[in-house]
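In case you want the letters, here they are:
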Amino acid sequence: MFSTPFVLSYTLLLSLPLLFLLAPRILPPRNLPISIPDELDDLALFRRAAISASNRPYRPSSPTPKIAFLFLTNSDLSFTPLWDRFFDGHERLFNIYVHADPTVPISPLTGVFRNRLIAAKRTQRASPTLISAARRLLAAALLDDPANAFFALVSQHCIPLHSFHFVYHSLFAQHLLPPAAASSSESWTGAVGEGGGRREERRRRYLSFIEILADEPGLWERYTARGDNVMLPEVPFSRFRVGSQFFILTRSHALLVIRDRRLWKKFRLPCRKRESCYPEEHYFPTLLSMEDPMGCTHFTLTRVNWTGSTGGHPHTYGPAEVSPELITRLRKSNSTYSFLFARKFAPACLKPLLEITETVLFRD
């Protein structure tokens, strides 16, 4: 009737659509590469931002310094109503920038996020595209407003743990340093005093809140994820660091990041061992540890619960877990600073969170 070769060929032809449908689930995902056009676009953006920032230097006294909130997302911003309440009444003290993966359907942005999208490109976990997205956000904020003094990277799963007033004061009321210990790029001399007593001159330096860790378990596997000796000579293992991808950078450090070419050419390389590949958790801590370790606190202000994590994902809080007690626990840290943000929260947590905004979340 039908020859065996004909049957095999016909079966294979019919199987092709099914193969394409199931391939993403059967085959291990590959790194999303950084294309040459995307790289050139980013370089042009970073160059414009660096020139603009140099021509419009930040001056702490005028205008009033602002916090640039950088939202990195690949899904709906489900906590928009919560952020609306957080930002309400403080319009002169912040700017918002949103990088949304253009390949993912996302609902139109509303509230404080309306018209805050920046030019974005596709992102993928365990690939350098997340580094590129964060750098684009930094560049957009530097280009937009010279008053942006801090740059806070957050995700769609993050929530604020305090009021805006508390967050702003925590960042801009950092300790005063002796003049010799301060950085001229982000410091100024101001008279300080209490109760009308003698006013004393001190110089203030802002620090970046970014987690920088060494000697962590599995660090060698992450270092060699792109291949043996690939990171050399720019990044020896002794200088390789890890930390949370969510940070709050000063303006000078934001500029440092978008100007970097030396380390980026290593971290942009695709990984061979995907299970050990988390470029966004290494590029920023390594770069800042190399360039200005004393200008960083070495800890993050975004709380994450890694208890019972699976597949490299932290614990996701559900609505039944939201309570005043949870917020109190999430705020506590081992440093002198309280955690200001927390993740990862499921979208269904919005309703119980809104119910405790005035009595717990924004009551400091």
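Let me sum up the structure you'll find in this document. Not measured: the values here are computed from a predicted model. Within every chain, residues take consecutive numbers counted from 1 along the sequence as written. pLDDT decides what is reported in this predicted model: residues at 70 or higher carry local features, side-chain atom pairs at 80 or more are listed and counted, and totals for whole chains, interfaces and linings draw on all residues regardless. Where side-chain values are given, they derive from all heavy atoms of the structure, hydrogens and water being excluded.

### Brief notes about the overall build of the protein chain
Helix and strand counts for the protein chain come out as twelve helices and twelve strands. Partly exposed residues are those whose accessible area sits between 20% and 50% of the maximum for their type, while under 20% is buried and over 50% is exposed, using a 1.4 Å probe and protein chains only. Within the protein chain, buried positions represent 51% of all 364 residues. Here, two residues are considered to be in contact whenever any of their heavy atoms come within 4.5 Å of each other. For the protein chain, the proportion of contacts with a sequence separation of at least 24, taken over those separated by at least 6, is 81%. Helix and strand assignments follow DSSP, with helices taken as H or I runs no shorter than four residues and strands as E runs no shorter than two, numbered in order from the N terminus.

### Remarks on the sheet that holds strand β11 (residues 302-304)
Here, any two strands with at least 2 DSSP bridges between them count as paired. Overall, mixed pairing links the three strands, which are arranged β4-β12-β11 in an open sheet. The two strands at the open ends of the sheet, each matched to only one other strand, are β4 (159-160) and β11. Note: β4 against strand β12 (residues 341-343), two bridges, orientation antiparallel. Note on β12: the bridge partner recorded for P160 is F341.

### Quick notes on the pairing of strand β2 (residues 94-100)
Of all seven residues in β2, seven are buried; the element is thus mostly enclosed. On β2, burial covers both faces: F94, I96, V98 and A100 on one face and N95, Y97 and H99 on the other are all buried. Bridge count between strand β1 (residues 66-73) and β2: seven bridges; the pairing is parallel. Bridge pairing in β2 links A68 to N95. Handedness is read with the strands pointing away from the viewer; a crossover is right-handed when the path from the first strand over the helix to the second is clockwise. Running through helix α3 (residues 80-87), the crossover from β1 to the neighbouring parallel element β2 is right-handed.

### Considering helix α10 (residues 324-331)
What α10 keeps buried is the set L326, I327, L330 and R331. Along the axis of α10, the buried residues cluster in a sector spanning 135°; they form a single face. Residues of α10 that are buried make contact with β4, β11, β12, α11 (350-355) and α12 (357-361). Regarding the arc, it is the one traced by the directions from the helix axis to the C-beta atoms.

### Structural notes on the pattern of salt bridges
Just to be clear on terms, a salt bridge is a Lys or Arg side-chain nitrogen sitting within 4 Å of an Asp or Glu carboxyl oxygen. For the structure on display, the rule yields ten salt bridges. When salt bridges with common partners are traced through the structure, they connect D41, D42, K121 and R136 into a single cluster.

### Brief notes about the nonpolar core
For the purposes of this section, nonpolar cores are sets of buried Ala, Val, Leu, Ile, Met, Phe, Trp, Tyr and Cys residues that join through side-chain atoms within 4.5 Å. Among the nonpolar cores identified, the biggest contains 52 residues, and F69, L171, F345 and L353 are the most heavily contacted of them. Residue contributions to this core peak at five residues, all from helix α5 (residues 164-172). Counting residues in each nonpolar core, the second largest holds 47 residues, with A49, A68, L288 and M290 among its members.

### Observations concerning the packing of aromatic side chains
Each aromatic pair joins two rings of Phe, Tyr and Trp (for Trp, the six-membered one) with centres within 6.5 Å, and gets the label stacked for planes under 30 degrees apart, edge-to-face for over 60, and tilted for any other angle. On inspection of all chains with the given rule, the structure shows 34 aromatic pairs. Note on F87 and F164: the rings are 6.1 Å apart at their centroids and 55° apart in plane angle, and the pair reads as tilted. One end of the pair, F87, is in helix α3; the other, F164, is in helix α5, with 77 residues separating them in the sequence. F164 shares its class with F87; the two are buried. A centroid spacing of 5.0 Å and a plane angle of 55° characterise the contact between F247 and F284, whose relative ring orientation is tilted. Of the two residues, F247 sits in the loop between α6 (219-223) and β9 (248-250) while F284 sits in helix α9 (residues 283-291), which places them 37 residues apart along the sequence. Each member of the pair, F247 as well as F284, carries the same accessibility label: buried. A ring has a charge above it when a Lys NZ or an Arg CZ is no more than 6 Å from the ring centre and no more than 35 degrees off the ring normal. The aromatic ring of Y97 is capped on one face by R116, whose charged end is 5.2 Å from the ring centroid. For the cation-ring pair, R135 lies above W264, with the distance from its terminal atom to the ring centre recorded as 5.1 Å.

### What to know about α9
Judged by how many residues are buried, α9 sits mostly within the fold: eight of nine residues are covered. Looking only at α9, the buried set comprises Y283, F284, P285, T286, L287, L288, S289 and M290. In this structure, the buried side of α9 is in contact with α4 (129-144), β8 (208-211), β9, α7 (251-259), α8 (264-267) and β10 (296-298).

### Some words on the layout of surface pockets
For cavity detection a 1 Å grid was placed over the protein atoms alone, and a set of points counts as a cavity when a 1.4 Å probe fits there but cannot get out; an open set counts as a pocket when protein lies on both sides within 12 Å along at least five of seven lines, with lining residues being those that have an atom within 4 Å of a point. Grid points are joined across faces, edges and corners, and a volume is the space filled by probe spheres set on the points. If you add up the space inside the largest pocket, you get close to 1,200 Å³. Forming the boundary of the largest pocket are 48 residues, of which Q245, E281, W306, P314 and R343 lie nearest the centre.

### A short note on unusual backbone geometry
The peptide bond linking L232 to P233 adopts the cis configuration, its omega dihedral lying at 0°. Note that the residue after R343, namely K344, is joined by a cis bond; omega there is 20°. As for its placement among the helices and strands, K344 is situated in the loop between β12 and α11. Despite not being glycine, N115 shows a phi value in the positive range, around 65°. Along the chain, N115 turns up in the loop between β2 and α4.

### Digging into the environment of T123
If you trace the backbone, T123 turns up in the loop between β2 and α4. Residue T123 is classed as buried on the basis of its relative accessible area of 13%. Distance from T123 to T73, taken between C-alpha atoms, is 9.2 Å for residues 50 residues apart in sequence.

### Overview of the pairing of β1
Most of β1 is tucked away, with eight of its eight residues classed as buried. Alternating residues of β1 divide into K66, A68, L70 and L72 and I67, F69, F71 and T73, and every residue in both groups is buried. Bridge count for β1 against strand β3 (residues 148-155) is seven bridges, and the pairing is parallel. Residue pairing in the sheet places A68 in a bridge with F151 of β3.

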